[in-house]
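Structure at a glance
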Amino acid sequence: MAAEMPPHNECPRRGRPRLRRIISSTSESRCYKPCCCPEEEESGISLQPDEIELIRLVDLEGLEQEEAAERMGVSRKTAWRDLHEARRKIADALVNGKGIEMAGCQKAAEGRCPKCPK
């Protein structure tokens, strides 16, 4: 007799739970799309607010990764991983002509973004 497998959606989450990040920047997020390929609406990447905050702290303010991690309330390893994932996404968008969407866009949430579905 074969053992019954539990349904796929009942698999418990592995690893430690994701910590809440401290994000000080509350500026309105925007979407960036290449002007030369307007017909490719589906092609794009999405940056999370914590990734945007890390890019701001490390690349714009010039903080070390350890300092940025401390400000956000996460470990240095988590900050390093998230920062490199954000940089990989941005490089993919620039090299391959993809749009960049900021997750948690205030304009889209308020229905003020002309490009986002309402």
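Quick summary incoming for the structure in this document. (Residues numbered from 1 in each chain as written. Predicted model: local features only at pLDDT ≥ 70, side-chain atom pairs only at ≥ 80, totals over all residues. Heavy atoms only, no water.)

**Here we look at the packing of helix 1 (residues 49-60) against helix 2 (residues 65-72)**
Here helix 1 crosses helix 2 at 135°, and the two axes come no closer than 10 Å. Between helix 1 and helix 2, the interaxial angle falls into the category oblique. Crossing geometry of helix 1 relative to helix 2 is assigned as right-handed. Counting all contacts with helix 1, which are made through Asp50, Glu53, Leu54, Leu57 and Val58, the residues of helix 2 involved are Gln65, Ala68, Arg71 and Met72. (Axes fitted to C-alpha atoms, helices over the stretch in contact; angles between N-to-C directions. Helix = DSSP H or I, 4+ residues; strand = E, 2+ residues; numbered from the N terminus. Parallel < 35°, antiparallel > 145°, perpendicular 65-115°, else oblique. Left-handed = near helix turned anticlockwise from the far one by under 90°. Contact = heavy atoms within 4.5 Å.)

**Digging into helix 1**
Taking 1.5 Å per residue as the helical rise, helix 1 with its twelve residues ought to reach 16 Å, and the 15 Å between its terminal C-alpha atoms agrees with that figure. Buried within helix 1 are the following residues: Asp50, Glu51, Glu53, Leu54, Ile55, Arg56, Leu57 and Val58. Against the buried residues of helix 1 lie strand 1 (44-47), helix 2 and helix 3 (76-96). Immediately downstream of helix 1, the backbone of glycine 62 shows phi near 75°, a positive value. (Expected span 1.5 Å × (residues − 1). Buried < 20%, exposed > 50% of the residue type's maximum accessible area, 1.4 Å probe, protein only.)

**Description of the pairing of strand 1**
Side chains of strand 1 alternate between two faces, with Ile45 and Leu47 buried and Gly44 and Ser46 left unburied. By the bridge criterion, four bridges tie strand 1 to strand 2 (residues 99-102) in an arrangement that is parallel. Each residue of the ladder has a partner; that of serine 46, found in strand 2, is glutamate 101. (Pairing = 2+ DSSP bridges.)

**Details of helix 3**
Its 21 residues give helix 3 an end-to-end C-alpha distance of 30 Å, which sits within 8% of 30 Å, the value for a rise of 1.5 Å per residue. All of the buried residues along helix 3 are Thr78, Ala79, Asp82, Leu83, Ala86, Lys89, Asp92 and Ala93. On the buried face of helix 3, the contacting elements are strand 1, helix 1, helix 2 and strand 2. One or two steps after helix 3, the chain reaches glycine 97, where phi turns positive at roughly 65°.

**Some words on the nonpolar core**
The nonpolar side chains of a soluble globular protein tend to be buried with one another. Grouped together as the largest cluster of nonpolar side chains are 17 residues, with contacts concentrated most on Leu47, Leu54 and Ile100. The contact partners of leucine 47, leaving out residues within four places of it in the chain, are Ile52, Ala86, Lys89, Ile90, Ile100, Glu101, Met102 and Ala103. (Core = buried A, V, L, I, M, F, W, Y, C linked by side-chain atoms within 4.5 Å.)

**A short note on a negative patch on the surface**
On the surface, Glu64, Glu66, Glu67 and Glu70 cluster together to form a negatively charged patch. Note that glutamate 70 resides in helix 2. With a relative accessible area of 67%, glutamate 70 lands in the exposed category. (Patch = residues over 30% accessible without salt bridge, like charges linked within 9 Å, V, L, I, M, F, W, Y side chains within 5 Å. Areas by Shrake-Rupley, 256 points an atom, 1.4 Å probe, with all protein chains shown as cover. Salt bridge = Lys/Arg side-chain N within 4 Å of Asp/Glu carboxyl O. Lys, Arg positive; Asp, Glu negative; His and termini not counted. Charge placed at Lys NZ, Arg CZ, Asp CG, Glu CD.)

**Considering the side chain of threonine 78**
With respect to the secondary-structure elements, threonine 78 resides in helix 3. Overall, the relative accessible area of 15% leaves threonine 78 in the buried class. Within the structure, threonine 78 has its side chain in polar contact with the side chain of serine 75 (distance 2.9 Å). (Polar contact = N/O pair within 3.5 Å; in protein donor to acceptor, adjacent residues only side chain to side chain.)

**A short note on the packing of helix 1 against helix 3**
A pair of packed helices can be characterised by two numbers: the angle between their axes and the separation between those axes. Running from N to C, helix 1 and helix 3 cross one another at 95°; their axes reach a closest spacing of 9 Å. Considering their axes alone, helix 1 and helix 3 lie roughly perpendicular with respect to each other. Residues Asp50, Glu51, Leu54, Ile55, Val58 and Asp59 of helix 1 form the contact with helix 3, whose participating residues are Ala79, Asp82, Leu83, Glu85, Ala86, Arg87, Lys89 and Ile90. Among the residues forming the contact of helix 1 with helix 3, the class breakdown is seven nonpolar, no polar and seven charged. (Nonpolar A, V, L, I, M, F, W, Y, C, P; charged D, E, K, R; others polar.)

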